[in-house]
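Here are the chains, one letter per residue:
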Amino acid sequence: MTGGFDTVFPAPAKINRFLHITGRRADGYHELQTVFQFLGLQDDLCFAPLRRGRIEMHAEGALAGEDNLCVQAARMLSGFTGRGFGVRIGLTKRIPVGGGLGGGSSDAATTLVALNHLFGLGLAPDELARQGLRLGADVPVFVRGHAAWAEGVGEWLVPVEPDTPWTLLIDPGVSVSTAAMFRSDELTRDCPPERIAASGYESLHNVFEPLVRRAHSEVDAALAWLASSGASARLSGTGGCVFGLFPSEAAARAAQAAQPEPWRTWVLRLENRSPLCDWHAKSGPEAGAGEVSEGK
């Protein structure tokens, strides 16, 4: 790969090792604590230059709409830098939509990092993360590309190096609305604050899990089976994907072979570094395409 417009850029999934809500701000946003890690499951994005100001999205179905976070990210970056560039964005979607794996946020983060690199915009990762927060609370961790302890609305990040066990990731086929989960009257919003740590998450939990389990029997069944298999079972984000942690790849694959339902599943190892990290070192005026010839 040359690092140019013929390059495919990765947008990895994330999981939350735990997820607590510690309060609610006057503006309605929730204060949280969580630990983000990455998974090998990823979407792929590619980009092609277009005439100035023209931004197009190529993806399947509803993902091709103007409300796609990739389009919003490109328009925001174009306006913020004053460059007015045009780009066609191609998305190959693999991360389940509404699965609590951060797919949309990851796609947006990759768009920011890729366009910064390709057009030589010269923005530092800190600035890209600040801009990304305007699109969603999970975007900054994907921009920075390292496992992190997160607080605030998700923008306050401290890099950590948790253990990286093998996981069996299950998609029970349920798409869960993050907004609906945050609006729920049953959501626990007063978890006592935890101290920053790189381990010890087994005793912590995800406050959205009981809500999602009650609302979606498929998620409840997947979590119950994972727990019965001996795994440390968790909901990721606001769901509906769940994951079990295993001490070895062999143990995770044995559980996958024994799954009782035709769920979509993946055996993956947790990762503390995103493949997108490699592009930060290449970002800058000298690395990008600069002014490119207009496409159609």
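Look above for the structure.
So, here is what we can say about the structure in this document. Small disclaimer: the values here were computed from a predicted structure and weren't measured. (Residues numbered from 1 in each chain as written. Predicted model: local features only at pLDDT ≥ 70, side-chain atom pairs only at ≥ 80, totals over all residues. Heavy atoms only, no water.)

### Description of the pairing of strand 2 (residues 30-50)
The two faces of the sheet receive side chains in turn, since in a regular strand these alternate between them. Buried residues dominate strand 2, accounting for 15 of its 21 residues. As paired elements, strand 1 (residues 9-24) and strand 2 share 13 bridges and run antiparallel to each other. Across the sheet, His-20 pairs through a bridge with Gln-33, a residue of strand 2. The turn joining strand 1 and strand 2, which pair antiparallel and follow one another in sequence, is formed by five residues; a positive phi near 95° is taken by Gly-28. One ladder, built from three bridges, connects strand 2 with strand 5 (residues 148-151); its direction is antiparallel. Residue Val-35 lies in a different strand from strand 5, and its bridge partner there is Trp-149. Alignment of strand 2 against strand 4 (residues 86-92), held across seven bridges, turns out to be antiparallel. (Buried < 20%, exposed > 50% of the residue type's maximum accessible area, 1.4 Å probe, protein only. Helix = DSSP H or I, 4+ residues; strand = E, 2+ residues; numbered from the N terminus. Pairing = 2+ DSSP bridges.)

### Here's the deal with the nonpolar core
Judged by nonpolar contacts, the single largest core of 40 residues is most densely connected at Phe-47, Leu-77, Val-87, Ile-89, Leu-112, Leu-115 and Val-143. Among the elements that take part in this core, helix 2 (residues 103-118) stands out by supplying seven residues, more than any other. Those residues in contact with Val-87, other than ones at most four positions away along the chain, are Phe-47, Ala-48, Pro-49, Leu-50, Arg-54, Ile-55, Glu-56, Ala-74, Leu-115 and Phe-119. (Core = buried A, V, L, I, M, F, W, Y, C linked by side-chain atoms within 4.5 Å. Contact = heavy atoms within 4.5 Å.)

### Examining the pattern of salt bridges
Pairing between side chains of opposite charge can happen when their charged atoms approach one another. What the rule picks out here adds up to 16 salt bridges. Of the charged contacts, one joins Lys-14 and Asp-138 as a salt bridge, the two residues approaching to 3.9 Å between their closest N and O atoms. You can see Lys-14 sitting in strand 1 and its partner Asp-138 sitting in the loop between helix 3 (125-133) and helix 4 (139-144), a full 124 residues away along the chain. Judged by relative accessible area, Lys-14 falls into the buried class, the value being 3%. Between Asp-220 and Arg-213 there is a salt bridge; the shortest N-O distance is 2.8 Å. Among the residues examined, Arg-213 registers a relative accessible area of 24% and is labelled partly exposed. Connected through shared salt-bridge partners, Asp-43, Lys-93 and Asp-107 make up one network. (Salt bridge = Lys/Arg side-chain N within 4 Å of Asp/Glu carboxyl O.)

### Examining helix 3
Of the residues making up helix 3, those classed as buried are Glu-127, Leu-128, Ala-129, Gln-131 and Gly-132. The elements touched by buried residues of helix 3 are helix 1 (69-81), helix 2 and helix 4.

### Points about the sheet that holds strand 9 (residues 242-246)
Pairing between the strands of a sheet comes from backbone hydrogen bonds, and it takes one of two forms, parallel or antiparallel. A sheet is described by the order of its strands in space; here four strands give the open sequence 8-9-7-10, paired in antiparallel fashion. Edge strands, defined here as strands with exactly one partner in the open sheet, are strand 8 (232-235) and strand 10 (264-269). For this sheet, the mean angle separating the axes of adjacent strands, direction not counted, is 20°. Here four bridges tie strand 8 to strand 9, and the two strands are oriented antiparallel to one another. Considered in strand 9, the bridge of Arg-234 is made with Phe-243. Here helix 7 (residues 217-228) sits on the sheet in contact with strand 7 (166-171), strand 8 and strand 9, set at roughly 5° to strand 9. (Axes fitted to C-alpha atoms, helices over the stretch in contact; angles between N-to-C directions.)

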